[in-house]
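Chain residues, written in single-letter form:
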Amino acid sequence: MTDSVKGNSLAQQFTSKTDNAKKFWYDQSIDYLSWMQKTCVYHRCLWDHLDIPAEGKIVQLGVGFGLSLELLYQRFGARTMGIDIFNYCDHPVLYVQDIRETKDFKLAYVHCNVGNFNTTPSIRKHGLEWSLRNLVPGGKCVTAGNDPWVDSELGINMKKFASVHDCHVLDIPNDPLITKMNQIGKYHSKHDCIIVKNQ
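Here is a short report on the structure shown in this document. What you are looking at is a predicted structure, and each value in this text was computed from that prediction instead of being measured.

## Details of the environment of G115
Looking at where G115 falls in the secondary structure, it is placed in the loop between strand 4 (107–112) and helix 6 (121–134). Judged by relative accessible area, G115 falls into the partly exposed class, the value being 21%.

Next up, the structure:
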């Protein structure tokens, strides 16, 4: 379902820095607070499968309570930053800003988790466009997509969308921790993909 079906007021209500949005995303984040949440799982095991360029920042768009951002920070140090309209836990490398107002800079890796693909697809697409535009050659973007349900909600074909931005799409790799996450059943990697900037 797109923003236009759900109503632009919903998208504006939950993608701007308002009290309603702060409560909405807090409640969403609480529901998914776990070290087995997929972003935490990915940020613990993807590095065994991906080469990350030496140039560019390591960024998470849409941070929640910052567990997975902390995993990135522990691995990549000063290269790491989070971008979100709220900083619930005062994480020191989370920058409180709206992705629609964020300036371009070089990215080696980005997890695009801003908004939600089925609740606020417009802000997610904006985050994806910003992410893919700023990837350095060989840079990686992990996000929901390349799945019929997700692509339908976003209103795009992820492979075509990536191609327009000089990128290609890979599946999330097989890894024992990802398999365990899938078996638990709250999340599934089949809904996600890795978008790689062509070299």
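## Details of the sheet that holds strand 1 (residues 57–61)
Here seven strands make up an open sheet; going across it, the order is 3-2-1-4-5-7-6 and the pairing mixed. Of all strands in the sheet, those bounded by a partner on one side alone are strand 3 (94–96) and strand 6 (167–171). The mean angle between the axes of side-by-side strands here comes to 20°, regardless of whether they run parallel or antiparallel. Two elements, strand 1 and strand 2 (residues 80–84), share four bridges in a ladder whose sense is parallel. Bridge pairing links I58 to T80 in strand 2. Against the sheet, helix 4 (residues 38–45) engages strand 1, strand 4, strand 5 (135–144) and strand 7 (192–197), with an angle of about 155° to strand 4.

## Notes on the pattern of salt bridges
Scanning the model with the defined rule gives four salt bridges in all. Residue E55 is joined to K106 by a salt bridge in which the shortest nitrogen-to-oxygen separation is 2.7 Å. Taken together, the positions of E55 in the loop between helix 4 and strand 1 and K106 in the loop between strand 3 and strand 4 put the pair 51 residues apart, joining distant regions of the chain. When the shortest N-O distance is used, the salt bridge between R100 and D98 registers 2.7 Å. Of the residues examined, R100 reaches a relative accessible area of 39% and is grouped as partly exposed. By relative accessible area, which is 15% here, D98 ends up buried.

## Structural notes on the side chain of Q37
Structurally, the position occupied by Q37 is in the loop between helix 3 (19–31) and helix 4. Those residues within four positions of Q37 in sequence are excluded, and the remaining contacts are Y32 and Y187.

## Describing the environment of T179
As for its position among the elements, T179 is in helix 9 (residues 176–184). The sequence separation of T179 and S189 amounts to ten residues, and the corresponding C-alpha distance is 8.5 Å.

## Remarks on the packing of helix 4 against helix 5 (residues 67–76)
Helices that pack against each other are described as a pair by the angle of their axes relative to one another and the distance between those axes. Their axes nearest at 8 Å, the elements helix 4 and helix 5 cross at an angle of 10°. One element, helix 4, and the other, helix 5, form an angle in the roughly parallel class. Here T39, C40, H43 and R44 of helix 4 come into contact with helix 5, specifically with L67, S68, L71 and L72. Considering only residue class, the contact of helix 4 with helix 5 consists of four nonpolar, three polar and one charged.

## Looking at the environment of C193
Relative to the helices and strands, C193 is located in strand 7. Residue classification places C193 among the buried residues on the basis of a relative accessible area of 0%. In this structure the C-alpha to C-alpha distance between C193 and P173, which are 20 residues apart in sequence, comes to 9.0 Å. Discounting residues that sit within four places of it in the chain, C193 has contacts with C141, V142, T143, G145, N146, M158, V169, L170 and I172.

Calculation notes
- Residues numbered from 1 in each chain as written.
- Predicted model: local features only at pLDDT ≥ 70, side-chain atom pairs only at ≥ 80, totals over all residues.
- Heavy atoms only, no water.
- Helix = DSSP H or I, 4+ residues; strand = E, 2+ residues; numbered from the N terminus.
- Buried < 20%, exposed > 50% of the residue type's maximum accessible area, 1.4 Å probe, protein only.
- Pairing = 2+ DSSP bridges.
- Axes fitted to C-alpha atoms, helices over the stretch in contact; angles between N-to-C directions.
- Contact = heavy atoms within 4.5 Å.
- Salt bridge = Lys/Arg side-chain N within 4 Å of Asp/Glu carboxyl O.
- Parallel < 35°, antiparallel > 145°, perpendicular 65-115°, else oblique.
- Nonpolar A, V, L, I, M, F, W, Y, C, P; charged D, E, K, R; others polar.

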